[in-house]
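Descriptive structure summary
These are the residues of each chain, in order.
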Amino acid sequence: MKRHVLLTVGPLTEPLTGRHWDAPAVTREVAARAARYRRRGLRPGDRVLVHFGNRLEFFAELLAVWRAGAVAVPVDGTLTRVELERLVETVAPRFSVVDDAGGGAIARALPPGPTVVDATEPHAPADVHALLPEDVARPEGDALVLFTSGSSGVPKGVVHTHASLAARWSALRRELGLAAYARALCLLPTHFGHGLICNSLFPWLAGQALFITPPFRPDLLLRLGAIVDEHRITFLSSVPAMWRLALRVARPPRGGTLRRVHCGSAPLPATLWESVRGWAGTPEVFNTYGLTETGSWVAGTSAGPFTPADGLIGPPWGAILHVRRADASPCAAGEVGEVWVESPALMRGYLGQDELTRRAIQNGRFATGDLGLLDERGWLHLRGRERDEINKGGLKISPAEVDAAAEGCRRVTDVCAFAVDDPLYGQNVGLAVTLTERDDAAVREVHGWIRERLAEGKLPARWWVVDAIPRSERGKVSREAVREACAGRPPLDLTRILQGR
Amino acid sequence: MRQRHREHVLEFLRTIQKPDRPLETVAETDSLVESGLIDSLALLEIVTFLEEHYRIDFAGIGLEPEQLTSVSGILDLIARESR
């Protein structure tokens, strides 16, 4: 079987705890966990939910699952019971892996089905040698499912095969080299494509050192410059919201080790971009573009000198970018249209949603839903979005999912979630709702209802109780029209209402 | 003076806290983030508040994480650094 790229693990370190596994220790950990899975009957093609991330054990579990030819499904550890039930129904996992932090609560919330495994329990060492995913898994076999916010409350699982992941890493090695990624710091959640596939696995499975932290910890951001110096970090990736805080509170690194910084998952304003360059002490701050469906980074500002500009991305990395008009004809250079991506690193599809997959991938090209243009050099510039998702500091939230969470509440007669501007996150979740009774008790009941159904990061931050949600003659709601209608009015004082003052 | 600053800081925290977490249940030394009162990126709003109201120059001081993560840490910072 043809190999796409040679994979070999590097050392792992947790800067905040000081825990460290060198490459042989990683090998032993993976082997022992793979042996445990074998004893417990994990078979090729089985799916394994991984409910924690951003620590050494996560990476060992991931490779152990792959070693068995099974499929890893890393998920947010803060999902509600309702979300977990829906997830288990969609994924049909054989195992659920938890850690010693939130594992007890997750195990209690999980519906019957998967066998729960504690990744932090001691295990017997195993005499097994090779651990490379390619050694045990078929390239065309499923490797990873990552969930993005789906419409109508249906979880949207992006399925990558070993071949699509290897194609992404191979392209990144070719376009970016490895020297700048020798000591990579990951501050992003490992259940996100950006954090896992590119920030972590791209350098680490090329034998580079990976430094992994809990995501978005404030004490971490305050110490960011010191961590870069102490661990001689050469590379880190991030999202714009993180930089808005770090630039204010973290002293710049002094050691001169930082060679490259990537920023992605949300628009990077040119002024912020320049400030990151100043803080990092390197001009190699690249604005990256990609979606989980494309294996994350698919383009970025890597080629030669450039001047940061709003919307500037750069040349493709291992992909062909197309910009199309509404009639599917190609746009001319400089003409704005919808961005499509053609790449061997595209996902295989959405888990169990063939029709959705057919709409998203046509003739081997993925419809991103983003608007942009290609200039004369073939560099991508983004100009907005056609899809109506809310981008909260890099976390993509489908407003339809928020609607679906609220709609079942007996107090709610109509609802519309939409994006509101947020100085910190760029965007946040706004909610307009019509109620059976317009009083504080109804608002408290609706809030409690939604809270049981949506992970905390997706909860609406600003609420408006309205007389009616405006709809078209066909009954279609315009989220933009609702947003504009609410913009002129103050939102509810939720703190007062929820605390009964 | 510290009591006045405390009331001012608490009044501000009420404007950025998560709506369903009573501020009164968080002890002065508790971590504001780990107690669930605010999310981690809301620290930026605390920084802005301290810069604007107490003229604390964050770029010029060596900030320790503990100084911003609890009410008592913030009050100590104000006492030491405000101008």
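Residues numbered from 1 in each chain as written. Chains lettered and ligands numbered in written order. Predicted model: local features only at pLDDT ≥ 70, side-chain atom pairs only at ≥ 80, totals over all residues.

**Brief notes about the packing of helix α1 (residues 2–16) of chain B against helix α4 (residues 71–81) of chain B**
All names here are of chain B. Heads up, the condition is: Angles here are taken between N-to-C directions and fall from 0 to 180 degrees, while the axes themselves are lines fitted to C-alpha atoms, restricted in helices to the stretch in contact. Secondary structure elements are defined from DSSP: runs of H or I of at least 4 residues count as helices, runs of E of at least 2 residues count as strands, and each element is numbered from the N terminus. For classification purposes, angles smaller than 35 degrees are called roughly parallel, those larger than 145 roughly antiparallel, those between 65 and 115 roughly perpendicular, and all remaining angles oblique. Working rule for handedness: look at the near helix, and if it is turned counterclockwise from the far one by less than a right angle, call the crossing left-handed; if clockwise, right-handed. Contact between residues is assigned whenever the C-beta positions, reconstructed from backbone atoms, fall within 7 Å. Gly is placed with the polar residues, together with every amino acid not listed as nonpolar (Ala, Val, Leu, Ile, Met, Phe, Trp, Tyr, Cys and Pro) or charged (Asp, Glu, Lys and Arg).
Contact geometry of α1 with α4 gives a least axis separation of 10 Å together with a crossing angle of 125 degrees. Considered as vectors, α1 and α4 are oriented oblique to each other. Where α1 crosses over α4, the handedness of that crossing is right-handed. Facing R2, H5, R6 and V9 of α1, the residues of α4 in contact are V71, I74, L75, I78 and A79. Here the residues of the contact of α1 with α4 sort into six nonpolar, one polar and two charged.

**Some thoughts on the domain arrangement of chain A**
How big an interface is tends to be reported as the loss of accessible area on association of its parts. All names here are of chain A. Basically, it comes down to this: The split into domains, and so the bounds of each, comes from an automatic or database assignment of domains.
The domain architecture assigned to chain A consists of domain 1 (18–137) and domain 2 (390–498). Facing six residues of domain 1, the contacting portion of domain 2 comprises five residues. Within the side of domain 1 that touches domain 2, the residues separate by chemical class into two nonpolar, two polar and two charged.

**Section: the interface of chain A and chain B**
At the interface, 19 residues of chain A touch 18 residues of chain B. Of all the secondary-structure elements, those providing two or more residues to the side of chain A that touches chain B are α8 (218–222), α10 (240–249) and α16 (494–498) of chain A. Here the element with the most residues in the side of chain A that touches chain B is α10(A); it accounts for five residues. Class assignment of the residues belonging to the side of chain A that touches chain B gives a composition of 10 nonpolar, four polar and five charged.

**Examining the nonpolar core**
As a rule of thumb, soluble globular proteins bury nonpolar side chains together. All names here are of chain A. To be explicit about the condition: A set of buried residues qualifies as a nonpolar core if it consists of Ala, Val, Leu, Ile, Met, Phe, Trp, Tyr and Cys joined through C-beta atoms within 7 Å. The burial criterion counts other C-beta atoms lying within 10 Å of a residue's C-beta, which is placed from the backbone; the residue is buried at 20 or more, exposed at 12 or fewer, and partly exposed between these limits.
The biggest cluster of nonpolar side chains holds 135 residues, and the ones touching the most others in it are V48, V50, A72, V73, V145, L221 and M242. A total of nine residues in this core trace back to one element, the largest contributor, which is helix α2 (residues 56–67). Here M242 is in contact with L187, F216 and L221, once residues within four sequence places are set aside. Counting 26 residues, the second largest nonpolar core, distinct from the first, contains L395, V402, L454 and C486.

**Concerning the confidence of the model for chain A**
Formally: A score between 0 and 100, pLDDT records how confident the predictor is in each residue.
With 95% of its residues at a pLDDT of at least 70, chain A reaches an overall mean of 91. When the criterion is pLDDT under 50, residues 130–134 of chain A qualifies, and its contacts beyond four places in sequence or with other chains add up to 16 contacts.

**Concerning unusual backbone geometry**
Residues and elements named next belong to chain A. Unusually for a residue other than glycine, S265 sits at a positive phi of about 75 degrees. Within the secondary structure layout, S265 lies in the loop between β12 (260–263) and α11 (270–280). Unlike most non-glycine residues, S296 shows phi in positive territory, near 65 degrees. Residue S296 is classed as buried on the basis of its 27 C-beta neighbours within 10 Å.

**Some points on the confidence of the model for chain B**
Residues with a pLDDT of 70 or more make up 89% of chain B, whose mean pLDDT is 84. Ranking the helices and strands of chain B by mean pLDDT puts α1(B) first, with 91, and helix α3 (residues 66–69) of chain B last, with 76.

**What about helix α7 (residues 193–204) of chain A?**
α7(A) sits mainly inside the fold: 12 of its 12 residues count as buried. Among the residues of α7(A), G193(A), H194(A), G195(A), L196(A), I197(A), C198(A), N199(A), S200(A), L201(A), F202(A), P203(A) and W204(A) are the ones counted as buried.

**Some details on the packing of helix α6 (residues 162–176) of chain A against α7(A)**
All names here are of chain A. Where α6 contacts α7, the axes come no closer than 10 Å and their chain directions differ by 70 degrees. Taken as axis vectors, α6 and α7 run roughly perpendicular relative to one another. Counted together, L165, R168, W169 and L172 of α6 and I197, C198 and F202 of α7 form the full contact between these two elements. Class assignment of the residues belonging to the contact of α6 with α7 gives a composition of six nonpolar, no polar and one charged.

**Digging into the environment of H20(A)**
Residues and elements named next belong to chain A. Here H20 lies in strand β2 (residues 20–21). In this structure H20 comes out as partly exposed when scored by C-beta crowding, with 14 C-beta atoms within 10 Å. Distance from H20 to V97, taken between C-alpha atoms, is 21 Å for residues 77 residues apart in sequence. The contact partners of H20, leaving out residues within four places of it in the chain, are P11 and T13.

**Points about the environment of T307(A)**
With respect to the helices, strands and loops of the structure, T307(A) is situated in the loop between β14 (296–300) and β15 (312–314). Distance in space between the C-alpha atoms of T307(A) and A270(A) is 8.6 Å, their sequence separation being 37 residues.

**Observations regarding α11(A)**
Residue and element names in this part refer to chain A. Basically, it comes down to this: In this description, the arc belongs to the directions extending from the helix axis to the C-beta atoms.
W273, V276, W279 and A280 are the residues of α11 that are buried. Within α11, the buried residues cover an arc of 125 degrees as seen down the axis, which keeps them to one side. Turned more than 90 degrees from where α11 packs its buried face, T271 and G278 sit exposed. Those residues of α11 that are buried are in contact with α10, β12 and β13 (285–291). Positioned one or two residues after α11, G281 has a phi angle of 75 degrees, which is positive.

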